[in-house]
Amino acid sequence: MSKSYHIWTLGCQMNVSDSQRLASELEKMGLSAAEDPEQADVLVVNTCVVRQSAEDKGMGRIYSLRPIKEKYPDKVVGVMGCMVGVRDPLPLRKKLPFVDVFMSPSEPLPMVDFLRSKGDEYEALAAEAESRAMRDAIQDEDALVLPSHERGNLITAHVPVVYGCSHACTFCIIPFRRGVERSRSVGEIVAEVRSLARQGVREVTLLGQIVDRYGKDIPDGPDLGDLLRIVHDEGVKEGIQRIRFLTSHPNWMTDKILDTVAELPHLMPQIEVPAQAGDDEVLRRMKRGYTQEQYRQLIERIRARVPDVAIHTDIIVGFPGETEPQFEQTLTMLKDLKLDKVHLAKYSPRPQTVSARTMPDDVSDEEKERRFREIDRAQAEINAEINARRLGTQTPVLVEELQGGKWRGRTPQNKIVFFEDASRDRRGEVVDVEIIWTGPWSMQGRLPGSGDQPKPNEIIQLSAL
Ligand code: SF4
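Source: prediction; values computed, not measured. (Residues numbered from 1 in each chain as written. Predicted model: local features only at pLDDT ≥ 70, side-chain atom pairs only at ≥ 80, totals over all residues. Heavy atoms only, no water.)

Trainee: How should the overall build of the protein be read in this particular structure?
Mentor: Helices and strands together make up the secondary structure of the protein, namely 15 helices and 18 strands. Here the protein has a C-alpha radius of gyration of 23 Å; the compact-globule value for 465 residues is 23 Å, and the two agree. Dimensions of the protein, computed from the C-alpha atoms along their principal axes, are close to 65 × 60 × 50 Å. Counting only residues that meet the buried cut, the protein has 54% of its 465 residues in that class. The contacts in the protein between residues at least 6 apart in sequence include a share of 74% that link residues at least 24 apart. (Helix = DSSP H or I, 4+ residues; strand = E, 2+ residues; numbered from the N terminus. Rg over C-alpha atoms; globule rule 2.2 N^0.38 Å. Buried < 20%, exposed > 50% of the residue type's maximum accessible area, 1.4 Å probe, protein only. Contact = heavy atoms within 4.5 Å.)

Below is the structure:
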């Protein structure tokens, strides 16, 4: 007897990792990932509410499961994530009576309990799986069991180290839906990294809403610098090649963290530190806790301590009351700092947040769109300029997959590179690649010495990816 599951995942890396956690629990119970989602016995939507559009998409997907549940009442429907949040889901339960299980973010166990309570079928499956797990030596309780189609194929994975957030940025719904910050134990994190490495993962990204506050809620606990060193040393023993971490907050980025990144060879020189805006008045009303000048000084400090570092940021355009001159402050700051990547978002009022309750959403959608496009255009030029500096140089690329007949991988700075090589399966390998073409969003390479390729930046443009 077999049972299968399918999880639709919306939103951020933390949600991707939460879905992986749920999949792992279901795999441990003997279920397998369904080839055809609609054929699955267990159907789950992992939701995001960071913007209204994401919430609407999630609700649409959930309602699309109602006719399936009505036709096959034995199927199990679950909703997980930030739409459920950390509070009693009763209002949602009333709205979605056809849903069997509601799971808070990062909490898969209500589904396990529900399936176990559904009687012999799942109990027998779980018992059989447990005996198989014993046989396959998946002894480690904390082991994260990847779905069978990912084992040996998944090269990169996310590992949460801090759940929730204890800051109160006025636009942000996360603290209301994911709760206060809670650091996971070092042992749990290392066990997960080891089990991922044994299943073929070669790069892990440590996750937190404010990852550089890791350990702050543990009395005399380790900080992120300590954790990075331990994960580095233990992970590399199991075959991990690369370690990244995100998302940091400007106020908690210490020299110790930066020096650890600069010192340890398998820690990648990439820092994700959102600015959100470049105007002090806007930053004050966002309750971000720093000024533009302090953010500029942080970028300088990061570049001084970590050689060849890539810096990524987040920016919100159209925050309530943002005037044109205030927007210009943000644009000028980005043009000056020339960061490697800007995750851009238009302000979207979220329920319960201070900004939604107290500040009118007075920047029009057209104006938000105009500001979004202006930054996007400027950043594309900056990306092209930064990537062009790599032309003719060699860089180590961790290969993740084959795409359009080319190997696709990323540099230590998290830049996407494509190259051709039919000699063998390169997935999971770190390959030295010579860069022969660059664009704002990706680069083309070739294996050093394979000189029969076209001249840089010429022919490739015709087929630029
Ligand atoms: S730091 Fe601010 S923006 Fe980030 S998750 Fe916490 S409240 Fe939200």
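Trainee: What exactly am I supposed to notice about the domain arrangement of the protein here?
Mentor: Accessible area lost during the coming together of the parts is what is often quoted as the interface size. Taken as a whole, the protein is organised into domain 1 (4-131), domain 2 (138-268) and domain 3 (394-463). Summarising the inter-unit geometry, the C-alpha centres of domain 1 and domain 3 are found 38 Å apart. (Domains from an automatic or database assignment.)

Trainee: Just to check I follow, could you spell out the pattern of salt bridges for this structure?
Mentor: Side chains carrying opposite charge are able to pair once their charged atoms draw close together. One pass over the full model with this rule turns up 46 salt bridges. A salt bridge links Arg284 to Glu281; the nearest nitrogen and oxygen atoms lie 2.8 Å apart. Taken as a pair, Arg284 and Glu281 lie in helix α11 (residues 280-286) at a separation of three residues, close to a single helical turn. The structure contains a network of salt bridges with shared partners spanning Glu203, Arg244, Glu400, Glu401, Arg408 and Arg410. (Salt bridge = Lys/Arg side-chain N within 4 Å of Asp/Glu carboxyl O.)

Trainee: Sorry if this is basic, but what is going on with the nonpolar core here?
Mentor: Soluble, globular proteins show a tendency: their nonpolar side chains are buried together. Judged by nonpolar contacts, the single largest core of 65 residues is most densely connected at Leu206, Phe245, Tyr295 and Ile375. In this structure, Tyr295 is in contact with Pro250, Val273, Pro274, Ala275, Tyr290, Thr313, Met333, Leu337 and Leu339, ignoring residues within four places of it in sequence. Ranked by size, the runner-up nonpolar core spans 24 residues in total, among them Ala34, Val84, Phe98 and Val99. (Core = buried A, V, L, I, M, F, W, Y, C linked by side-chain atoms within 4.5 Å.)

Trainee: What am I meant to see in the packing of helix α12 (residues 292-305) against helix α13 (residues 324-337) here?
Mentor: The axes of two packed helices give the description: the angle between them and the distance between them. Look at α12 against α13: their axes get within 12 Å of each other, and the N-to-C directions meet at 15°. Judged by the inter-axis angle, α12 sits roughly parallel to α13. Once α12 is placed against α13, the crossing between them reads as right-handed. For the pair formed by α12 and α13, the contact residues are Gln292, Tyr295, Arg296, Ile299 and Arg303 on the first element and Gln329, Thr332, Met333, Asp336 and Leu337 on the second. Tallied by class, the residues present in the contact of α12 with α13 amount to four nonpolar, three polar and three charged. (Axes fitted to C-alpha atoms, helices over the stretch in contact; angles between N-to-C directions. Parallel < 35°, antiparallel > 145°, perpendicular 65-115°, else oblique. Left-handed = near helix turned anticlockwise from the far one by under 90°. Nonpolar A, V, L, I, M, F, W, Y, C, P; charged D, E, K, R; others polar.)

Trainee: In this structure, what is going on with the sheet that holds strand β13 (residues 341-346)? I would like to understand it.
Mentor: Paired through their backbone hydrogen bonds, the strands of a sheet run either parallel or antiparallel. Taken in spatial order, the three strands make up an open sheet running β11-β12-β13, and their pairing is parallel. Of all strands in the sheet, those with a lone pairing partner are β11 (270-272) and β13, marking the two edges. Across the sheet, the axes of successive neighbouring strands diverge by a mean angle of 15°, strand direction being ignored. Here strand β12 (residues 310-317) pairs with β13 via six bridges, running parallel. Among the inter-strand pairings, Thr313 is bridged to a residue of β13, identified as Val342. (Pairing = 2+ DSSP bridges.)

Trainee: Even after reading the chapter, I still don't get the packing of helix α9 (residues 224-237) against helix α10 (residues 255-263), so can you show me in this structure?
Mentor: Following both chains from N to C, one finds α9 and α10 inclined at 20°, their axes separated by 8 Å at the closest point. By the angle class used here, α9 and α10 are roughly parallel. Classified by chirality, the crossing of α10 by α9 is right-handed. Along its contact with α9, which presents Leu224, Gly225, Asp226, Leu228 and Arg229, the element α10 presents Lys256, Ile257, Thr260 and Glu263. The residue makeup of the contact of α9 with α10, split by class, is three nonpolar, two polar and four charged.

Trainee: Is there a simple way to think about the sheet that holds strand β2 (residues 32-33) in this case?
Mentor: One open sheet holds the five strands; their spatial order is β2-β1-β3-β4-β5, and the pairing between them is parallel. Two strands lie at the open edges of the sheet, namely β2 and β5 (101-103), each paired on one side alone. Pairing of strand β4 (residues 76-81) with β5, which is carried by three bridges, proceeds in the parallel orientation. Considered in β5, the bridge of Gly78 is made with Val101. Helix α5 (residues 109-117) rests against β3 (42-47), β4 and β5 of the sheet, and its axis sits at about 155° to β5.

Trainee: What is the right way to look at the pairing of β4 in this model?
Mentor: On any regular strand, side chains alternate: one points to one face of the sheet, the next to the other face. Counted residue by residue, β4 has six buried out of six residues, so it is predominantly covered. Summarising the sheet, β3 and β4 pair through six bridges and their orientation is parallel. Bridged to Val42 within β4 is Val76. In this fold, the crossover linking β4 to β5 by way of helix α4 (residues 90-95) has right-handed handedness. (Right-handed = clockwise from strand over helix to strand, strands pointing away.)

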